[in-house]
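# Geometric and topological summary
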Amino acid sequence: MTNTKQTTNDASAGSATEEIIEQTDASTGSVTEENTEDTTGSATVEEEANSIEKELAEMQDKHIRLHAEFDNFRRRTAKEKIELMKNGGEKVLTDLLPVIDDFERAMQAMETSNDVVALKEGLQLIYTKFQAYLKQNGVQEIETQAQDFDTDKHEAITKIPAPSKDLKGKIVDVIQKGYQLNDKVIRFAKVVIGE
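This write-up is about the structure you can find in this document. As the structure is a prediction and not an experimental result, all values here were calculated from the model.

As a further point, take the overall build of the protein. Summing up its helical and strand segments, the protein has 3 helices and 6 strands in all. Sequence-ordered secondary structure for the protein, helices as α and strands as β, is α-α-α-β-β-β-β-β-β. For the protein, buried positions account for 13% of its 195 residues. Across the protein, every contact between residues at least 6 apart in sequence was considered, and the portion connecting residues at least 24 apart equals 58%. By element, 56% of the accessible surface of the protein is carried by carbon and sulfur atoms, the whole surface being about 16100 Å².

Below is the structure:
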């Protein structure tokens, strides 16, 4: 009986050992398969990481280039703006040179000529030419004589008693003419108002 028991115990122990070995083989096999999958998976993850790093490097490069281009654009624009401010009035001044030439000729004529009427006519021609030049460039004289006082166009220097009732609150005299460029006042007219 002891032998039978021992044989039964040995048989059950042997089958238990076989089961443990089978479980170990089965678990090792699955671990081996998982390791193979991890190696393949980690290679894919590494490839993805590398491609993302390359993409990031490209984006950073694009960003740096764009920033540099913007800085260059800003500097170029500032330089052009300074250049424009410096030389913007060149055309106006160039167009004024003939008027200055006329004035110089008139001054030379005044030194040698005794004909006052001819000198007045010459000065009147220069003045007319200059007025035409201003009109061509959009400069107009602000209307003042017998006009209502307008703070947007006129600057009151003083008030005097109005010569007539209809001139009360109106412009009686002009001290300095005012001008506007297109619709913008570039110099207010200095006026005297009747009260």
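Back to the text.
This part covers the environment of Val174. Locating Val174 in the fold gives a position in strand S3 (residues 171–176). The partly exposed category is assigned to Val174, whose relative accessible area is 23%. Once residues within four sequence positions are removed from consideration, Val174 is found in contact with Thr144, Gln145, Lys190 and Val191.

Where helix H2 (residues 90–112) meets helix H3 (residues 116–136), the closest approach of the two axes is 10 Å, and the angle between their N-to-C directions is 175°. Here H2 lies roughly antiparallel to H3, going by the angle between them. Contact residues: H2 offers Val92, Asp95, Leu96, Pro98, Val99, Asp102, Phe103, Ala106, Ala109 and Met110, while H3 offers Leu119, Leu123, Ile126, Lys129, Phe130 and Tyr133. Each residue belonging to the contact of H2 with H3 can be placed in one class, and the counts come to 13 nonpolar, no polar and 3 charged.

Moving on, we come to the environment of Lys165. Mapped onto the fold, Lys165 is located in the loop between strand S2 (154–160) and S3. Sequence separation of Lys165 and Gly194 is 29 residues, and the distance between their C-alpha atoms is 9.1 Å.

Another aspect to go through is the sheet that holds strand S6 (residues 189–194). In space, the 3 strands of this open sheet follow the order S2-S6-S3, with mixed pairing throughout. In the strand order of this sheet, the two ends are held by S2 and S3, each with one partner. Strand-to-strand twist of the sheet, defined as the mean angle between neighbouring strand axes without regard to direction, takes the value 30°. The pairing of S3 with S6 spans 4 bridges and is classified as antiparallel.

The next subject is the pairing of S6. Among the 6 residues in S6, 5 count as buried, and that is most of the element. As paired strands, S2 and S6 are joined by 6 bridges and run parallel to one another. Within S6, the position partnered with Thr158 by the bridge is Val192.

Over its 21 residues, H3 extends 30 Å from the first C-alpha to the last, a length consistent with the 30 Å expected when each residue adds 1.5 Å. Looking at the buried positions of H3, the neighbouring elements they touch are H2 and strand S1 (139–141). Where H3 terminates, the next one or two residues include Gly138, which has phi positive at roughly 85°.

Inspection of the entire model under this criterion finds 7 salt bridges. One salt bridge in this structure joins Arg74 and Asp71, with 2.5 Å as the shortest N-O distance. Here Asp71 and Arg74 lie together in helix H1 (residues 2–87), a separation of 3 residues that amounts to about one turn. With a shortest N-O distance of 3.5 Å, Lys177 and Glu141 are connected by a salt bridge. Separated by 36 residues along the polypeptide, Lys177 in the loop between S3 and strand S4 (179–181) and Glu141 in strand S1 bring together distant segments of the chain. A relative accessible area of 36% places Glu141 in the partly exposed class.

How each quantity is defined
Residue positions are counted from 1 within each chain, in the order its sequence is given. In keeping with the predicted nature of the model, local features appear solely for residues at pLDDT of at least 70, side-chain atom pairs appear and are counted solely at 80 or more, and the whole-chain, interface and lining totals rest on all residues. With hydrogens and water excluded, all non-hydrogen atoms of the structure serve as input to the side-chain values. By definition, any uninterrupted DSSP run of H or I lasting at least four residues is a helix, any uninterrupted run of E lasting at least two residues is a strand, and each is numbered from the N terminus. Remark: exposure states derive from per-residue accessible area (1.4 Å probe, protein chains only) relative to the maximum for the residue type, with buried under 20%, exposed over 50%, and partly exposed in between. For this analysis, residues touch if any pair of their heavy atoms sits within 4.5 Å. A 1.4 Å probe and the Shrake-Rupley method give the accessible areas. Residues count as covered only by the protein chains that appear here. Axis lines are fitted to C-alpha atoms, over the contacting stretch for helices. Their N-to-C directions set the angle, which ranges from 0 to 180 degrees. Each angle is binned into one of four classes, with values under 35 degrees roughly parallel, values over 145 roughly antiparallel, values of 65 to 115 roughly perpendicular, and all other values oblique. Under the grouping applied here, Gly and all other residues not named as nonpolar or charged are polar, the nonpolar ones being Ala, Val, Leu, Ile, Met, Phe, Trp, Tyr, Cys and Pro and the charged ones Asp, Glu, Lys and Arg. Only strands joined by at least two bridges in the DSSP assignment are considered to pair. Here the expected length of a helix is defined as 1.5 Å per residue gap, with one fewer gap than residues. A pair is scored as a salt bridge if a Lys or Arg side-chain nitrogen falls within 4 Å of a carboxyl oxygen belonging to Asp or Glu.

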